[in-house]
Amino acid sequence: MQTPSGHPVESSSAQRLVVLASGGGSNLAALLAAHEGASYGARVVGVVSDRPTAGALDLARDAGVASAVVAMKDFDDRSAWNDGVLEAVSVFQPDYLILAGFMRILAPSVVRKFEGRMMNTHPALLPSFPGAHPVRDTLAHGVKITGCTVHLVDEGVDTGPIIAQAAVPVLDGDDEPALTERIKVAERALLVETVGRIAREGLYVAGRKASIGR
Ligand code: GRF
């Protein structure tokens, strides 16, 4: 089978991850480094971006991982774009979808297809500071402890069941870039650890309670 960017689809006993990313892809880079380990239990088999210039696509290419671009401008409307995302992702036959800096909201029809198998990483301690500017909002609010969250994606914005969180102190004098960078260090570690554990031990969800392993 060929993917949209022409690479063969990998076959492996590891859980198949498809990463959706709009930006530089430091979280993707961390997953790509982790999946090299034979015992990690998961492998990034595809990367999908809505931005043709996303650094994440360069990372995928450099790692020999297949990728696809699904740019909003190439579709008639949002519904067609969502269909395009679903098609691009499905080619890779993912076990799990990881939204790692994917700055678009997916339609409920897409979210439902991957219920319990689609995760997002967010640079705040949800349910505080959801949305597009969590670090800015955190600083504006004056909180002293923030962090990052890996959560399941549901039909809301950053509202799905929380799987894992890590705390990061806000320091006097922090500005948005400085705090963002410190959160991202914690975020990469949390994402890699959480995704690996889910791949190896399974994810169990009962209402709002998500837990890894039995
Ligand atoms: C991450 O902090 C993610 O939580 C947020 O956007 C950032 C993406 O970073 N939504 P990168 O592209 O993985 O470097």
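What you see is a predicted model; the values in this text were computed from it and never measured.

Helix and strand counts for the chain come out as six helices and nine strands. A compact globule built from 214 residues should have a C-alpha radius of gyration of about 17 Å, and the chain, at 17 Å, falls within 12% of that. Expressed along its principal axes, the backbone C-alpha trace of the chain runs to roughly 50 × 40 × 35 Å. Classification of the 214 residues of the chain by burial places 47% in the buried group. Across the chain, every contact between residues at least 6 apart in sequence was considered, and the portion connecting residues at least 24 apart equals 62%. Of the roughly 10,100 Å² of accessible surface on the chain, a fraction of 53% belongs to carbon and sulfur atoms. Here the chain contributes 20 positively and 24 negatively charged side chains, and the mean placements of these two sets differ by 4 Å.

Here, UniProt's "binding site: N(1)-(5-phospho-beta-D-ribosyl)glycinamide" (unreviewed entry) annotation points to Gly-25, Ser-26 and Asn-27. Considered against the largest pocket, the annotated residues that line it turn out to be Gly-25, Ser-26 and Asn-27. By the element assignment, Gly-25 lies in the loop between β1 (15-20) and α1 (26-34). With residues up to four places along the chain from it excluded, the contact list for Gly-25 reads Ala-56 and Leu-59. Among the secondary structure elements, Asn-27 is positioned in helix α1. A relative accessible area of 7% means that Asn-27 is categorised as buried.

Another aspect to go through is the packing of aromatic side chains. Considering all chains together, one arrives at one aromatic pair under this definition. Centroid distance Trp-81 to Phe-102: 6.3 Å. Interplanar angle 10°. Geometry classified as stacked. Remark: Phe-102 occurs in the loop between β4 (96-99) and α4 (108-113) and Trp-81 occurs in helix α3 (residues 78-90); sequence separation between them is 21 residues. The buried category is assigned to Phe-102, whose relative accessible area is 7%.

Confidence in the prediction of the chain, expressed as mean pLDDT, is 94, and 94% of residues score 70 or more. Long-range and interchain partners of residues 1-11, a stretch whose pLDDT sits below 50, account for 27 contacts in this model, where long-range means more than four residues apart.

The next point concerns the environment of Ser-109. You can see Ser-109 is positioned in helix α4. On the basis of relative accessibility, which here comes to 39%, the residue Ser-109 falls in the partly exposed class. When the C-alpha positions of Ser-109 and Glu-155 are compared, they lie 9.0 Å apart, and in sequence the two are 46 residues distant.

For the rest of this paragraph, the subject is the environment of Val-143. Looking at the element boundaries, Val-143 is found in the loop between α5 (134-141) and β6 (145-152). In this structure Val-143 comes out as partly exposed when scored by relative accessible area, which is 22%. Those residues within four positions of Val-143 in sequence are excluded, and the remaining contacts are Phe-129, Thr-138 and Val-170.

With that settled, consider the pairing of β1. The element β1 is extensively covered by neighbouring structure, given that five of its six residues are classed as buried. With α1 bridging β1 and the parallel strand β2 (residues 42-49), this β-α-β connection has right-handed handedness.

Glancing now at the site of the ligand. The full set of residues close to the ligand is Gly-23, Gly-24, Gly-25, Ser-26, Asn-27, Gly-101, Met-103, Thr-121, His-122, Pro-123, Lys-184 and Glu-187. Gly-24 is positioned such that a nitrogen or oxygen atom in its backbone is 3.4 Å from an oxygen atom of the ligand. The side chain of Asn-27 places a nitrogen or oxygen atom 2.9 Å from an oxygen atom of the ligand. Elements represented by at least two residues in the shell around the ligand include exactly α1, β5 (118-122) and α6 (176-201). Of the residues in the shell around the ligand, the class split is two nonpolar, eight polar and two charged.

Rules used in this analysis
- Residues numbered from 1 in each chain as written.
- Predicted model: local features only at pLDDT ≥ 70, side-chain atom pairs only at ≥ 80, totals over all residues.
- Heavy atoms only, no water.
- Helix = DSSP H or I, 4+ residues; strand = E, 2+ residues; numbered from the N terminus.
- Rg over C-alpha atoms; globule rule 2.2 N^0.38 Å.
- Buried < 20%, exposed > 50% of the residue type's maximum accessible area, 1.4 Å probe, protein only.
- Contact = heavy atoms within 4.5 Å.
- Areas by Shrake-Rupley, 256 points an atom, 1.4 Å probe, with all protein chains shown as cover.
- Lys, Arg positive; Asp, Glu negative; His and termini not counted.
- Charge placed at Lys NZ, Arg CZ, Asp CG, Glu CD.
- UniProt positions renumbered as here; feature names shortened; annotations may be inferred.
- 1 Å grid on protein atoms, 1.4 Å probe; cavity = no way out; pocket = protein on both sides within 12 Å on 5 of 7 lines; lining within 4 Å.
- Phe/Tyr/Trp six-rings, centres within 6.5 Å; stacked < 30°, edge-to-face > 60°.
- pLDDT = per-residue confidence, 0-100.
- Right-handed = clockwise from strand over helix to strand, strands pointing away.
- Near = heavy atom within 4 Å.
- Polar contact = N/O pair within 3.5 Å; in protein donor to acceptor, adjacent residues only side chain to side chain.
- Nonpolar A, V, L, I, M, F, W, Y, C, P; charged D, E, K, R; others polar.

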